[in-house]
Amino acid sequence: MAFTELSFFVFAACLVLFYYLLPAKMQWIVLLTGSVIFYVSYGAEKLPFLLAAAGIAWWAALRMEKIRPDGPESRALARKKQKKVLLGAGALLVLLLLYAKVGTWVIQSFAALLRLDADSVPQAILALGVSYYTFSMLGYLADVYYGKEKAETNFLRFLLFAIYFPKILQGPISRHKFLAPQLKETHRFCYEAFCFGFQLMLWGYFKKLVIADRLAMLVNYVFDNVETQTGAHLLMAACFSAVQLYCDFSGCMDIAGGFSQILGLKLEPNFNHPFFSRSAAEFWRRWHITLGTWFKDYVYMPLAISPRVIRISKKVRETCGARAGKAVMTVLPLSVVWVLTGLWHSTEWNYVVWGVYWGTLIICANVFAPELKKLTGFLHINTKTESWKIFQMVRTFFLFVVGRILTVPGTLHGSAEVFKKIFFDFQPGSLFDGSVYSLELDRANFHLALVCIFVLWAVSMLQEKKPVRQRLAESNVVFRWAAWYALLFSIVIFGVYGPEFSAAAFVYMNF
Amino acid sequence: MAGSKNRKGMGCFVKSFLAVLIAAAIYMGCYVLFSPVWLEWNNYNTVHGFYKEPENTIETLFLGSSHVVNGITPTELYRDYGLCAYNLGTEQQGVNVSYYWLREAYRLHAESLTTVVFDVSMLRRTASETFVQKGIAGMRLFPGRVQAMYDYYLGPYGTGDLQDVLEQLNPVTAYHTRWNQLTRQDFEKFHLQPTLYSRGYHFVSYSLLDEGNAEEDYEEENAPYLESVLDESVPGEELQDSELYYFDKIVAFCKENDLDLVLVKIPARGWGSNRHNAVQALAEKNDLPFLDYNFPVSGQNLVGETYLVDSHDGNHLNYFGATKVTHAIGDYLVKNCRVTDVRGQQNYAFMEQELADYNKNVVVCSELYLATELEQYLTLAAQNENYVIFLPGKDETSGALHEPLRAALADLGFTKLAQIGWRDSYVGVLDKDGVQEVLEKADTQKEAMLEGAMQNGVRYSVVGAGWSSENFSSCSIDETEYSPNLRGLNIVVYDQSTDTVVDVTNFDTLNTTERMSGYPLQEIETMEAEGKTYQDLTENAQKLYRYMHHVENQEIAGALQGHGGRQELVTWLDAYRQKDRVILLAAQGDAADRLSEPVREALAQRGLTQLAELQPGETYFAVIEKDQKPYEQTEGDGTPLPLEDAIFRMIHAEPGAGDAIEPAGLQLIVYDRIEEAIVAQTSFETFEDPLAVAEREMRNEFQTIFLTPKGKML
């Protein structure tokens, strides 16, 4: 039951009706029931994994809380016991995640080793949303361990936090302390929230159905036929794939966030106009925000202040100087974070390289910041001007495009082929000779895609200064309604859906 | 406080209600805009006409594919039998769609419906999803189309996906991707009426011989023939399970609702004994009548011999074929089904208006098609006040316009045409308000032109240019060109009531005021009475004559299948002793051995006296034509016949060279003068002893009859 299927609209409408018509104290039960139904629509065999993960996390949190120190000596012992529970539960959750990520590969490798027919061995079940909910649960366990929040005593309420369906497919990676209290409260119907939520959903559908799925046709075609494409086409497709990924991912976030708003709930923002970023670091503070903050809070910070890293830093300071020593406290944790980030996306080598790529960019920007400042000074570049800011944004965008080229072809060899074509077979004329209209999008659809990207940019620019929904809410009623109807019917008419297309899966659902 | 809260709540409710209302209105606009428009074989008239019928009036329902659409004209069933029938055929209507329409028709005419006539063409294959959609396009959403889509997608042969049902019921979902292909026709779909129509029958007048109007250029080598000789021994073709499933549902529905079900096959290509036998078995299993008009029914071959002119594209009947089939079915229904003559009944008064419209539009159009004389043609066309007649001349238009004709044209209002001179440029437009004409003399070298708008607002532009001017003609109506652009007077007839061009023709008035008929059957039927021979016929009539000859030969051959042996010689002679056929008989002496006395007597009665008295060892040859004394030659000592003075020269040659027949016993060849080909050959092994055959081969020189590679007699 994808967000873009007709059945989802029926489901959502029924859920909202039940949510507000039944007694308020039943709202969480309605949400839980709806979330289970939504999850099971993707295959009932996936549910036991989520239940198992939720069970482990819930029990472990309660167990940690029950371990109370009786006195000063037993505080350390209690801490040790809690750590054991934390590590044990964490290991189980990570195992679950690994099973989902590499289970099929492991099974088939074993099958090959034992010379069994690959088709005769059972396949690993791909647990839906496993990357998201395991991270949520790991964060929850860490928060309980560090005393940042109390353990949930009601398993069903905890299950609701884990399985809450708007966020299960593509995130955001919710924090228990942020979402759980909202799920416990009762919510009265608020017309304004309903309207704003609906509007946000519309915007999400526009990004997903009109922009992302349209660009996907061209991107998939070009990258499936690399050998017959010019470098210019490939670069264009890579740029489109960046926009496609953003619209796909953030579109889903908007749909999830908008629907939650209708229910009176708020989800953590996951995007903040990342293509306005002026550096790689800033980019990752605006893109997939909850993943970044999760790694920052639960990997980077613990590593950065860990005794081992401090010891290494000290040693390096003694041998190589203060600057080097200070750099170690950044470089080591960042390296781990980015390797893990790559692995979180996929265990394939191209994603590992992708993680290393971003890690290198961010580390270099951090470590060589003084040199870069000297360079701009040496070149008399005024870094306060608008043109410099635009240059930084464009540069960051292309850094992201390079990252896309590392992942979209599917293999490192494929990525190498693409780079080769871009640098040695560019053929810029192929962008203007009409051949772009034969890349799966005809002339009208290609131009429509460009117009929609412009609309996206314009709205994002406006949004940077003031929320667009707010602007429209304050504007003249005729203009306001015209704008929303234009948005609605542009989805109805231009959206990529219907019998000609299968419900295009959201990209980040695969992680 | 509570009051302001209530007011705020009410305000929100009103705003929401308005918002939903406006969204629904815009969505309905999209619904209409994106509804599929079928340009070819548009079923719009059929379906919308059906829903306009007063409820509980239709008594007989026709279901089936395009063969039915073109093959049954219900208005003539009313005119000639008083039956109230409706033709709910649609293009490529699968058996499942027939079932859906049967349900829908019964829902609205349960009290009157008694008979269902189902054309079995689509039992042989499954209609694609596109044609299922097309077939039910226009069916009312509730409950018919919802039920149909539910059954089609979620039934035993569907995709099983509810999403498909929801998407197909909503054209916006299914067709919104057409946003960049919308044309003016999408906005004019309510006026889309591409053909003349009446109660579901779609009228087509032209035949395959009608150059310029026919959909394909007629090529004799590819002439469409119906397999009109039924062989009941051929195993029946295996029918599709999915089609049988819905067929059974139709049968059960009719039984349940006490409806007479009659199976028919409208004549068309792609149908043969294997399919007939399969459906016949199905009919017998369900105790249903099956009228297969592809083959002779009750001894009558409806259109087999004239399919060339009773079909407009080689696969569907035209008006002339449709009237034959309609009347055959009408005869059957009146004798065998529970149908009533509703003429004169108060609640069927609307049928009289429909008949009047039919006569004015369809019948007049068919008569127009048959008219071969210019004056006759224009007089007929002028009778229909809805017709606008465009006459652009080209090249030379005046040569054949004799004085009486000019006077007649002037009486019709074509005063300037009546005065046209050598190579003058001329255009004329006639409508119910009168005639507009422009005549430019040849020495001015100007073209004649008329532009304007008809009463329905459709714009036209007509240009006629004589030989001294631009030498062309044009007739553009609503930016579509219709003029045949041939020498003489080009005529385009436009019907304002249906927004269609009903006829386009040309009279080469340099030389004649007649045009060749596209339906020359009458010319053939009267040729004997008028003392005409084949060579006297017009080109089209000759084509038809050859076609009919071919069919006759197939029928004779079919009738003779399985016949052989010496006793059958006489049967063959009688069968082929027809006009324009030449029978050649050659024999060797051993032919005489087994010619029995009764056979000899029969041969003698037929004028083959020498053959009747043939003795062993004698060589024999004969040429037999109808109504002529047979030419016979016998060589007593068995030597080859020289035959230089025979009608057909024969060449002696070595065995095995060229087309030859080798006499062993009696050899018979039939040459058809019209087809200019050998149409039958056989031998009668009157001597069957293999030892004697071997002796013969050793002993005899044999005489071979040679023919040119194409079988032409020298």
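These numbers come from a predicted model, not from an experiment.

> Can you tell me about the overall build of chain B, naming the residues and giving the values?
Check the secondary structure of chain B and you find 24 helices and 23 strands. Summarising the internal contacts of chain B: among those between residues at least 6 apart in sequence, 68% fall at separations of at least 24. Summing over all exposed atoms, chain B offers an accessible surface of approximately 31,500 Å²; the carbon and sulfur share of this is 50%.

> Hey, could you go over the packing of helix α7 (residues 141-154) of chain B against helix α8 (residues 162-169) of chain B for me, with residue numbers and the actual values?
Residues and elements named next belong to chain B. Their axes nearest at 9 Å, the elements α7 and α8 cross at an angle of 145 degrees. At the point where α7 passes α8, the crossing takes the right-handed sense. Within the contact between the two elements, α7 uses Leu-141, Arg-145, Val-146, Met-149, Tyr-150, Tyr-153 and Leu-154 and α8 uses Leu-162, Asp-164, Val-165, Gln-168 and Leu-169. Among the residues making up the contact of α7 with α8, the classes are represented as nine nonpolar, one polar and two charged.

> Tell me about the packing of aromatic side chains, and please be specific about residues and values.
Aromatic rings considered in pairs are described by the distance between their centres and by the relative angle of their planes. In this structure the tally under the stated criterion is 81 aromatic pairs over all chains. The residue whose ring lies beneath Arg-157 of chain A is Trp-28 of chain A, and the NZ or CZ to ring-centre distance is 4.3 Å.

> Please give an account of the domain arrangement of chain B that cites residues and values.
Parsing chain B into structural domains produces domain 1 (58-137 + 182-352), domain 2 (374-507) and domain 3 (562-707). The C-alpha centroid of domain 2 of chain B is placed 38 Å from the C-alpha centroid of domain 1 of chain B.

> Can you lay out the interface of chain B and chain A for me, pointing to particular residues and giving the numbers?
Taken together, the 23 residues of chain B in the interface contact 22 residues of chain A. Interface of chain B and chain A: buried area, both sides summed, is about 1,900 Å²; carbon and sulfur atoms make up 69% of it. Three residues, Gln-163, His-176 and Trp-179 of chain B, lead the burial of chain B against chain A; their summed loss comes to 29% of the area buried on that side. At the junction of chain B and chain A, the tally comes to zero salt bridges. If you list the elements that add at least two residues to the side of chain B that touches chain A, you get α1 (2-33), α8 and α9 (171-175) of chain B. Here the element with the most residues in the side of chain B that touches chain A is α1 of chain B; it accounts for eleven residues. Considering only residue class, the side of chain B that touches chain A consists of 14 nonpolar, seven polar and two charged.

> Which residues make up the pattern of salt bridges, and what are the values?
Applying the stated rule across the entire model yields 33 salt bridges over all chains. Here Arg-338 of chain B and Asp-260 of chain B are joined by a salt bridge, their closest N and O atoms 3.2 Å apart. Residue Arg-338 of chain B is found in the loop between α14 (319-336) and α15 (350-370), and its partner Asp-260 of chain B is found in strand β6 (residues 260-265); the two are separated by 78 residues along the sequence. Classification of Arg-338 of chain B as partly exposed rests on a relative accessible area of 36%. Between Asp-508 of chain B and Arg-487 of chain B there is a salt bridge, with the nearest N and O atoms lying 2.7 Å from each other. In this pair, Asp-508 of chain B is assigned in the loop between β16 (500-507) and α19 (521-525) and Arg-487 of chain B in the loop between β14 (480-481) and β15 (488-495), connecting sequence segments 21 residues apart. If you follow the salt bridges from partner to partner, you end up with Lys-208, Asp-213 and Asp-248 of chain A in one network.

> Describe the sheet that holds strand β3 (residues 115-119) of chain B, naming the residues involved and giving the relevant values.
Residue and element names in this part refer to chain B. Reading across from one edge, β2-β1-β3-β6-β7 is the order of the five strands in this open sheet, with parallel pairing throughout. Both edges of this open sheet fall to β2 (85-87) and β7 (290-292), since each of them pairs with a single strand only. Pairs of neighbouring strands in the sheet enclose a mean axial angle of 20 degrees, with direction left out of account. Two elements, strand β1 (residues 60-63) and β3, share four bridges in a ladder whose sense is parallel. Of the residues in β3, the one forming a bridge with Thr-60 is Thr-115. On top of the sheet, α14 reaches β1, β3, β6 and β7; it is set at about 135 degrees to β1, its chief contact.

> Outline the confidence of the model for chain A, listing residues and values.
Per-residue confidence for chain A averages 89 on the pLDDT scale, and 95% of its residues sit at or above 70. Per-element mean pLDDT across chain A ranges from 83 in helix α4 (residues 72-113) of chain A up to 95 in helix α10 (residues 231-262) of chain A.

> Account for α15 of chain B, naming residues and giving values.
All names here are of chain B. A rise of 1.5 Å per residue sets the reference length of α15, with its 21 residues, at 30 Å; its end C-alpha atoms lie 29 Å apart and thus fit the reference within 8%. Of all the bends in α15, the greatest, near 35 degrees, is centred on Asn-359. Residues of α15 that are buried include every one of Met-351, Glu-354, Leu-355, Tyr-358, Asn-361, Val-362, Val-363, Val-364, Cys-365, Ser-366, Leu-368 and Tyr-369, and no others.

> So, the domain arrangement of chain A: which residues are in play, and what are the values?
Residue and element names in this part refer to chain A. Once the domains are mapped, chain A shows domain 1 (24-186), domain 2 (188-267 + 409-511) and domain 3 (275-391). Between domain 1 and domain 3, the C-alpha centre-to-centre distance is 29 Å. The interface is formed by twelve residues belonging to domain 1 together with twelve residues belonging to domain 3. Here domain 1 packs against domain 3, burying approximately 1,100 Å² in sum over the two surfaces, 61% of which is carbon and sulfur. Contact with domain 3 buries area across many residues of domain 1, yet Phe-135, Ile-173 and Arg-175 alone supply 50% of it, more than any other trio. Counting the contacts that link domain 1 with domain 3 gives one salt bridge. Where Arg-175 meets Asp-297, a salt bridge forms, and the shortest distance between an N and an O atom there is 2.8 Å. The interface formed by domain 1 and domain 3 includes eight residue pairs in polar contact (both at pLDDT 80 or more). Within the residue set of the side of domain 1 that touches domain 3, elements represented by two or more residues are α4 and α5 (130-145). By residue number, the principal contributor to the side of domain 1 that touches domain 3 is α5, which donates seven residues. Residue composition of the side of domain 1 that touches domain 3, grouped by class: seven nonpolar, two polar and three charged.

> Lay out the side chain of Asn-490 of chain B in plain terms, naming residues and giving numbers.
All names here are of chain B. In this fold, Asn-490 is placed in strand β15. For Asn-490, a relative accessible area of 0% translates into the label buried. Only 3.1 Å separates the side chain of Asn-490 from the side chain of Asn-506, close enough to count as a polar contact. When residues no more than four places from it in sequence are discounted, the contact partners of Asn-490 are Phe-390, Leu-391, Pro-392, Lys-394, Ser-473, Ser-483, Pro-484, Asn-485, Thr-505 and Asn-506.

> So what about a positive patch on the surface? Which residues, and what values?
All names here are of chain A. Taken together, the side chains of Arg-63, Lys-66, Lys-80, Lys-81 and Lys-84 make up a positively charged region of the molecular surface. Ranked by residues supplied to the positive patch, first place goes to α4 with three residues. Its location among the elements puts Lys-80 in helix α4. Taking the relative accessible area as the measure of exposure, Lys-80 reaches 59% and is therefore exposed.

> Describe the environment of Asn-445 of chain A, with residues and values.
Within the element layout of this structure, Asn-445 of chain A appears in helix α19 (residues 443-465). Judged by relative accessible area, which is 12%, Asn-445 of chain A ranks as buried. Those residues within four positions of Asn-445 of chain A in sequence are excluded, and the remaining contacts are Arg-214 of chain A together with Trp-179 and Asn-180 of chain B.

> Give me the lowdown on the pairing of β3 of chain B, citing residues and values where you can.
Residues and elements named next belong to chain B. Most of β3 sits out of view: five of its five residues are buried. With five bridges joining them, β3 and β6 adopt parallel strand pairing. Bridge assignment links Phe-118 to a residue of β6, and that residue is Leu-263.

Basis of the calculations
Residues numbered from 1 in each chain as written. Chains lettered and ligands numbered in written order. Predicted model: local features only at pLDDT ≥ 70, side-chain atom pairs only at ≥ 80, totals over all residues. Heavy atoms only, no water. Helix = DSSP H or I, 4+ residues; strand = E, 2+ residues; numbered from the N terminus. Contact = heavy atoms within 4.5 Å. Areas by Shrake-Rupley, 256 points an atom, 1.4 Å probe, with all protein chains shown as cover. Axes fitted to C-alpha atoms, helices over the stretch in contact; angles between N-to-C directions. Left-handed = near helix turned anticlockwise from the far one by under 90°. Nonpolar A, V, L, I, M, F, W, Y, C, P; charged D, E, K, R; others polar. Phe/Tyr/Trp six-rings, centres within 6.5 Å; stacked < 30°, edge-to-face > 60°. Lys NZ or Arg CZ within 6 Å of the ring centre and 35° of its normal. Domains from an automatic or database assignment. Buried area = accessible area lost by both parts, 1.4 Å probe. Salt bridge = Lys/Arg side-chain N within 4 Å of Asp/Glu carboxyl O. Buried < 20%, exposed > 50% of the residue type's maximum accessible area, 1.4 Å probe, protein only. Pairing = 2+ DSSP bridges. pLDDT = per-residue confidence, 0-100. Expected span 1.5 Å × (residues − 1). Bend = angle between axes of the 7 residues up to and from the residue. Polar contact = N/O pair within 3.5 Å; in protein donor to acceptor, adjacent residues only side chain to side chain. Patch = residues over 30% accessible without salt bridge, like charges linked within 9 Å, V, L, I, M, F, W, Y side chains within 5 Å. Lys, Arg positive; Asp, Glu negative; His and termini not counted. Charge placed at Lys NZ, Arg CZ, Asp CG, Glu CD.

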